[in-house]
Amino acid sequence: MTRYGEAVRVLDPAVAGLVRDVPDFPTPGILFKDITPLLGDAAAWRHTVDVFAQVVEEFAPTHAVGIEARGFVLAAPIAYRLGIGFVPVRKPGKLPHATTGVGYDLEYGSDGLEVHLDAFGPGDRVVVVDDVLATGGTAAAASELVARTGAGVVGAGFLIELDALAGRSRLPDHPVVSLLRY
Ligand code: AMP
């Protein structure tokens, strides 16, 4: 038995209580949304994946992209649940085969992302998945990478969206869904 019962397309509000706010991490002024308590709670974690998968299924994706590293944790079980492919978008230098890459700005600092050039085929429908949508720079970079490979980005899904940072405005070309908004 789970505490949450059948998935019903809306995240149980109790799950939000398992997201821990950590002030000043990794740098002063950042309120870090720590999802590890949620991941460690079997019922909440299963419920979260079930609801997340149901929500992004509406995009009829053929692949879920997970953004390193916490995006992997969400995108992989969603892909498994939906019976679609999982594709990692990784930090520079981590993927072994031919890649395309892009640099982007973060809420704290800057970084880069890469994807395998042959990860998708024409006509593939990709949903980009990550844990937190903050400024949107990371997800926009991932969407750009997917588009460069010739696949279509049909949506983006986040466990948490930080409304004040307006990340959604960086993703104007496809639907954006999030399960918890702050
Ligand atoms: P952004 O590019 O600004 O939308 O930042 C999103 C990425 O940074 C995601 O991969 C998140 O894991 C991480 N991130 C940004 N801000 C936070 C935050 N306040 N708490 C936890 N993770 C964050």
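Below, the structure is looked at part by part.

Criteria and cut-off values
Residues numbered from 1 in each chain as written. Predicted model: local features only at pLDDT ≥ 70, side-chain atom pairs only at ≥ 80, totals over all residues. Heavy atoms only, no water. Helix = DSSP H or I, 4+ residues; strand = E, 2+ residues; numbered from the N terminus. Rg over C-alpha atoms; globule rule 2.2 N^0.38 Å. Buried < 20%, exposed > 50% of the residue type's maximum accessible area, 1.4 Å probe, protein only. Contact = heavy atoms within 4.5 Å. Lys, Arg positive; Asp, Glu negative; His and termini not counted. Charge placed at Lys NZ, Arg CZ, Asp CG, Glu CD. Core = buried A, V, L, I, M, F, W, Y, C linked by side-chain atoms within 4.5 Å. Pairing = 2+ DSSP bridges. Axes fitted to C-alpha atoms, helices over the stretch in contact; angles between N-to-C directions.

## Looking at the overall build of the protein chain
Logical step 1: The helix and strand tally for the protein chain stands at five helices and nine strands.
Logical step 2: The order of helices and strands in the protein chain, counted from the N terminus, is α-β-β-α-α-β-α-β-β-β-β-α-β-β.
Logical step 3: Over its C-alpha atoms the protein chain spans a radius of gyration of 16 Å, differing by no more than 12% from the 16 Å that the globule rule assigns to 182 residues.
Logical step 4: Expressed as lengths along the three principal axes of its C-alpha atoms, the size of the protein chain is roughly 45 × 40 × 30 Å.
Logical step 5: A total of 182 residues make up the protein chain; the buried ones form 48% of that total.
Logical step 6: Taking contacts inside the protein chain between residues at least 6 apart in sequence as the whole, the part at least 24 apart equals 59%.
Logical step 7: Computed over 15 positive and 22 negative side-chain charges, the inter-centroid distance for the protein chain is 2 Å.

## Quick word on the nonpolar core
Logical step 1: Leu 11, Phe 52, Val 129, Leu 159, Ile 160 and Leu 179 are the most contacted members of the largest nonpolar core, which has 28 residues in total.
Logical step 2: Listed by contribution, the elements that provide at least two residues to this core are helix 3 (42-57), helix 4 (70-82), strand 7 (125-133), strand 8 (152-161) and strand 9 (176-181).
Logical step 3: For this core, the leading source of residues is helix 3, giving six residues.
Logical step 4: Apart from the residues lying within four places of it in its own chain, the contact partners of Leu 159 are Leu 11, Ile 35, Leu 38, Thr 48, Phe 52, Leu 74, Asp 130, Asp 131, Leu 179 and Leu 180.
Logical step 5: Membership of the second largest hydrophobic core comes to 24 residues, among which are Val 87, Ala 140, Ala 156 and Leu 171.

## Description of the sheet that holds strand 7
Logical step 1: Overall, parallel pairing links the five strands, which are arranged 4-3-7-8-9 in an open sheet. This sheet does not close on itself; its edge strands, each paired only once, are strand 4 (85-89) and strand 9. For this sheet the average axis-to-axis angle between neighbouring strands, irrespective of direction, equals 20°.
Logical step 2: Pairing between strand 7 and strand 8: eight bridges, direction parallel. Following the sheet pairing, Arg 125 is matched in strand 8 by Gly 152.
Logical step 3: In the packing of helix 3 onto the sheet, the strands contacted are strand 7, strand 8 and strand 9, and the crossing angle to strand 9 comes to about 155°.

Note that all results are geometric; they support no functional claim without further evidence.
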